[in-house]
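# Summary of structural features
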Amino acid sequence: MEGGLVLLGGGVGGGGGSSRFPANESAVAKVEVVSEVTELELGLSLGGPTGKAKATPGRILTAKDFSSVVVPHRASINGGYPPSVAVSGTKRAADDGGSPTVISQVVGWPPIGAYRMNSLVNQAKAPRAEENKGTNEANNPKKAGSTLKQSDEKSGHIGYTKVNMDGIGIGRKLDLNAHSSYESLAQALEDMFLRSGGAEKEQLTMASKLFDGSSEFVLTYEDKEGDWMLVGDVPWVMFLTSVRRLRVMKTSEANGLGKIFLFDIRSEIAREERTAKKQADIASPAFTIHR
Amino acid sequence: MQKKVACSFPDEVLEHVFSFIQSDKDRNAVSMVCKSWYEIERWCRRKIFIGNCYAVSPRMVIRRFPKVRSIELKGKPHFADFNLVPDGWGGYVLPWIAEMAGAYPWLEEIRLKRMVVTDECLELIAKSFKNFKVLVLFSCEGFSTDGLAAIAASCMNLRELDLRDSDVDDLGGHWLSHFPETYTSLVSLNSSCLGSDEVSLSALERLVGRCTNLRTLRLNRAVPLDKIANILGRAPQLVDFGTGTYGADLQSDVFSSLAGAFSSCKELRSLSGFWDVVPAYLPAIYPVCSRLTSLNLSYVTIQSPDLVKLLRHCPSLQRLLVLDYIEDSGLEALSSSCKDLQELRVFPSDPFGEEPNVSLTEQGLVSVCLACPKLQSVLYFCRRMSNVALVTIAQNCPNLTRFRLCIIEPRTADFLTLEPLDVGFGAIVEHCKDLRRLSLSGLLTDRVFEYIGRYAKKLEMLSVAFAGESDLGLHHVLSGCESLRKLEIRDCPFGDKALLANAAKLETMRSLWMSSCAVSFGACKLLGQKMPRLNVEVIDESGPPDSRPDSCPVDKLYIYRSVAGPRFDMPPFVWTMDEDSALQVS
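Residues numbered from 1 in each chain as written. Chains lettered and ligands numbered in written order. Predicted model: local features only at pLDDT ≥ 70, side-chain atom pairs only at ≥ 80, totals over all residues. Heavy atoms only, no water.

Time to look at the overall build of chain A. Within chain A, the secondary structure is distributed over seven helices and seven strands. In chain A, the order of α-helices and β-strands from amino to carboxyl end is β-β-α-α-α-β-β-α-α-β-β-α-β-α. Counting all 291 residues of chain A, 53% fall into the buried class. Long-range pairs, those at least 24 residues apart, make up 69% of the contacts in chain A with a sequence separation of at least 6. Accessible area of chain A: about 12,600 Å², with a carbon and sulfur share of 51%. (Helix = DSSP H or I, 4+ residues; strand = E, 2+ residues; numbered from the N terminus. Buried < 20%, exposed > 50% of the residue type's maximum accessible area, 1.4 Å probe, protein only. Contact = heavy atoms within 4.5 Å. Areas by Shrake-Rupley, 256 points an atom, 1.4 Å probe, with all protein chains shown as cover.)

Across its full length, chain B holds 22 helices and 23 strands. Its C-alpha atoms give chain B a radius of gyration of 26 Å, within 12% of the compact-globule value 25 Å for 586 residues. Viewed in the frame of its principal axes, chain B has a C-alpha envelope of about 75 × 65 × 55 Å. Within chain B, the proportion of its 586 residues that are buried is 62%. Across chain B, every contact between residues at least 6 apart in sequence was considered, and the portion connecting residues at least 24 apart equals 71%. Within the structure as shown, chain B displays about 22,100 Å² of accessible surface, and the carbon and sulfur contribution to it stands at 53%. Distance between charge centroids for chain B: 8 Å, based on 65 positive and 71 negative side chains. (Rg over C-alpha atoms; globule rule 2.2 N^0.38 Å. Lys, Arg positive; Asp, Glu negative; His and termini not counted. Charge placed at Lys NZ, Arg CZ, Asp CG, Glu CD.)

With that settled, the discussion passes to the packing of helix α16 (residues 387-396) of chain B against helix α17 (residues 422-431) of chain B. All names here are of chain B. Where α16 contacts α17, the axes come no closer than 7 Å and their chain directions differ by 5°. Taken together, the axes of α16 and α17 are roughly parallel relative to one another. Contacts between α16 and α17 pair Asn387, Leu390, Val391, Ile393, Ala394 and Gln395 from the former with Asp422, Val423, Gly424, Phe425, Ala427, Ile428 and His431 from the latter. Considering only residue class, the contact of α16 with α17 consists of eight nonpolar, four polar and one charged. (Axes fitted to C-alpha atoms, helices over the stretch in contact; angles between N-to-C directions. Parallel < 35°, antiparallel > 145°, perpendicular 65-115°, else oblique. Nonpolar A, V, L, I, M, F, W, Y, C, P; charged D, E, K, R; others polar.)

Looking now at the environment of B:Val288. All names here are of chain B. Counting through the fold element by element, Val288 comes out in helix α12 (residues 286-289). Under the relative-accessibility criterion, Val288 is labelled buried at 0%. For the pair Val288 and Gly242, spaced 46 residues apart in sequence, the C-alpha to C-alpha distance is 14 Å. The residues contacting Val288, other than those within four sequence positions of it, are Phe262, Cys265, Leu268 and Leu271.

Bringing the pairing of strand β3 (residues 109-113) of chain B into the picture now. Residue and element names in this part refer to chain B. The buried fraction of β3 is high, at four of five residues. Examined bridge by bridge, strand β2 (residues 70-74) and β3 share five bridges and lie parallel to one another. Counted as the bridge partner of Ser70 is Glu109 from β3. Here β3 pairs with strand β4 (residues 134-138) via five bridges, running parallel. Across the sheet, residue Arg111 finds its bridge partner in β4, namely Val136. (Pairing = 2+ DSSP bridges.)

Further remarks concern the pattern of salt bridges. Close approach of charged atoms allows side chains with opposite charge to pair. For the structure on display, the rule yields 30 salt bridges over all chains. The partner of B:Glu343 in a salt bridge is B:Arg345, with the nearest N and O atoms 2.7 Å apart. In this structure, B:Glu460 and B:Arg485 form a salt bridge, with 3.0 Å as the shortest nitrogen-oxygen distance. With B:Glu460 in the loop between α18 (446-455) and β18 (461-465) and B:Arg485 in the loop between α19 (471-480) and β19 (486-490), this residue pair connects regions lying 25 residues apart in the sequence. Via salt bridges that share partners, A:Glu222, A:Arg244 and A:Arg245 belong to a single interconnected network. (Salt bridge = Lys/Arg side-chain N within 4 Å of Asp/Glu carboxyl O.)

Let's shift gears to helix α7 (residues 119-128) of chain B. With seven of its ten residues buried, α7(B) lies for the most part within the structure. Of all the residues in α7(B), the buried ones are B:Asp119, B:Cys121, B:Leu122, B:Leu124, B:Ile125, B:Ala126 and B:Ser128.

Turning next to a nonpolar patch on the surface. Among the surface-exposed residues, B:Phe9, B:Val13 and B:Val17 lie close enough to one another that they form a single nonpolar patch of about 240 Å² accessible area. For B:Phe9, a relative accessible area of 45% translates into the label partly exposed. (Patch = residues over 30% accessible without salt bridge, like charges linked within 9 Å, V, L, I, M, F, W, Y side chains within 5 Å.)

Below, the discussion takes up the sheet that holds strand β4 (residues 172-174) of chain A. Within a sheet, adjacent strands bond to each other through the backbone by hydrogen bonds, running parallel or antiparallel. All names here are of chain A. Read from one edge to the other, the open sheet built from five strands follows the order β4-β3-β7-β5-β6, with strand pairing classed as mixed. If you trace the sheet from one side to the other, it starts and ends with β4 and β6 (228-230), each paired once. Taken pair by pair, the neighbouring strands of this sheet meet at an average axis angle of 30°, ignoring direction. Pairing of strand β3 (residues 161-165) with β4 involves three bridges; the strand directions are antiparallel. By the bridge assignment for β4, Thr161 is matched with Leu174.

Written out as structure tokens, the structure is:
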């Protein structure tokens with residue numbers, strides 16, 4: 001069973017490596033994973049197909065079809081030996097405006113307590129802080145406001161976001177800072193809820209329904225105004241600054257949010273900053289938008 | 001002969017003598033003298049500390065100590081603070097509360113750290129313990145203000161309610177109004193972690209007003225600056241005060257009533273809070289600064305000159321928490337103003353930035369260490385370090401008991417010589433003979449562990465990340481550190497050999513955490529099989545470890561001694577290696 005969270009399928013964010021889209025095939029993206037990340041490349045570049053798994057025709061594009069080669073959130077890739085890439089390598093990422101720094105991709109490092117991290121986030125977002133920026137500008141030039149600046153300019157989110165899935169009792173937490181795109185998020189959620197070892201059969205079935213696009217579930221988030229929104233509507237960076245928590249919601253309950261649960265890839269690509277060309281090639285009649 | 005002597009005192013006399021013995025270590029020693037002392041002691045032990053809630057079962061505790069009045073429990077491993085322990089791992093306090101509800105009707109104090117507490121637990125506490133006095137929930141989670149309302153409503157003798165750093169589902173400030181109007185016993189309230197924008201100010205003010213014994217009050221962010229004066233006015237006897245938001249448009253009348261309120265607090269020794277600070281309001285606290293011994297400015301995002309201005313007013317300061325906006329220059333100023341400094345914590349304002357946003361280096365720490373001879377406890381985040389600086393620190397602060405250094409970029413070498421920082425940390429452990437806690441960072445080889453094993457004889461807790469070269473490093477620590485209780489390691493190339501060679505050592509420790517290291521599943525099984533009094537737990541979110549070859553490294557490993565056997569509340573991603581595991585075909 002192949003599955004991936006049905007989300008924005010717009011492609012890889014500031015991840016390393018390259019994703020190639022075949023010019024002629026529809027609804028298929030093939031990804032080439034570059035094992036040595038020497039430079040972070042932006043977005044999509046198009047070219048011929050390579051050896052990766054091919055989505056079956058007509059199947060909805062899912063997170064699995066994109067591989068975010070940004071360093072995974074676990075520091076140990078090769079058996080715990082010093083993760084050569086994760087940390088000491090790519091410090092100078094391409095300035096793509098959406099890629100988190102390398103340090104932030106190592107879970108739990110630097111060792112700042114979760115409580116303090118959350119306070120840092122809240123401090124950055126607090127309306128008062130923004131108001132005071134005006135009165136304090138003389139005293140608090142960019143240095144003092146840098147936490148705020150950091151959150152706006154960089155990954156926009158420090159700390160961990162709670163994720164709950166309907167039907168699964170135990171909530172989880174996710175470091176959004178470790179992801180640069182919706183696909184990466186989708187993959188992480190898939191890993192989290194699908195693959196938590198010893199998952200009950202029931203859990204698997206539930207999850208597969210989510211991830212194969214039969215649309216019993218949608219991914220939603222609570223924004224800073226307390227409203228529940230569908231994930232994928234806004235550019236990733238904007239999402240990061242407004243998301244408070246995530247919920248994998250049963251579609252039946254998501255009615256108030258509108259019936260859109262598949263996203264128009266074309267419009268998403270147009271919105272995201274990309275250096276790749278031929279975005280129109282990705283568009284495909286196999287994608288449907290249910291309204 | 002000795003038996004005769006022991007029995008010549010009536011039990012009551014011995015019990016009276018034992019009542020003067022408060023420390024757990026001494027109590028444990030007393031209980032091992034002879035059987036009758038064991039019996040007498042267990043009936044009169046009133047206070048229990050359990051450093052790992054899974055090391056023993058509630059029933060065993062109750063069976064041995066039937067008359068406990070105060071209990072302290074710790075749950076999750078320390079690295080849970082950094083989100084290395086997945087949600088749902090465990091640390092549930094409900095089974096404890098449930099058992100104690102029946103067995104200890106006179107329980108007065110519950111202190112929990114890193115445990116999962118539900119509203120059901122809080123309601124049970126409120127219902128079961130008629131003389132309940134102290135509830136401390138340190139870095140706990142799982143409950144809401146509804147649970148707190150239950151405590152407030154029922155616990156007429158409550159003295160202390162401390163929620164520090166807990167993750168509380170804050171449904172608004174109305175829980176405060178559940179304290180009855182007749183309730184006046186509050187001595188300490190720390191609700192600073194509550195995150196809702198709503199707070200019931202009138203209930204808070206009335207509560208503060210009628211609890212004349214209130215000594216500690218730490219407000220949450222929702223309490224606005226202009227309400228502080230009112231609150232302080234009702235509690236001039238406060239010793240420890242935490243503000244809420246400390247920012248607003250400057251208004252002279254607000255400022256003067258604030259300053260007036262602070263000046264009437266003659267007993268005030270500790271200040272904290274200060275979210276969203278507006279520097280213009282800081283001088284309002286100047287009247288109390290000369291007496292302050294503890295100041296937590298770690299949420300204060302103001303520049304160094306403003307910080308220094310404030311610190312110059314605090315000559316009695318013993319404890320300072322601050323952001324790295326203070327910079328080297330500010331720390332230098334601190335070192336000349338605050339000669340009594342004992343504890344310093346400097347937190348990063350921009351931990352994920354690629355470039356330093358402030359001018360804070362190893363120099364700041366060095367200048368404090370050179371000038372403050374009483375310095376004992378250091379937590380310091382910075383971006384560069386040198387061996388020479390560390391040696392200077394070690395030589396000038398031999399009284400250090402806690403030294404935690406975090407160089408933000410892992411594996412950063414000595415910036416002057418580009419060498420590892422082995423020698424520097426070696427100096428720390430060599431000179432600071434009473435060092436109990438150490439956290440390492442920077443580029444480190446096996447050599448640093450050799451030094452640690454050789455010199456750090458009083459070391460109880462060691463945190464290691466991105467360090468070492470081989471199993472020898474781990475072996476040095478396990479074989480050399482006699483007092484070691486807690487060892488936590490992440491992203492180090494330590495594997496099976498050192499662990500298996502020092503298996504017996506693990507039974508003398510509280511716990512060992514290893515994540516992203518090179519310990520194989522096979523070794524875990526072997527350890528579980530050979531050491532029945534150790535719980536060897538493998539945490540792996542990617543699937544059952546036995547679906548892979550035994551030689552595969554485990555993702556996370558948590559080993560702790562226990563007399564309760566393997567636990568039964570494990571989530572799907574935790575596997576315990578017990579006696580049978582090694583026999584299972586993988």
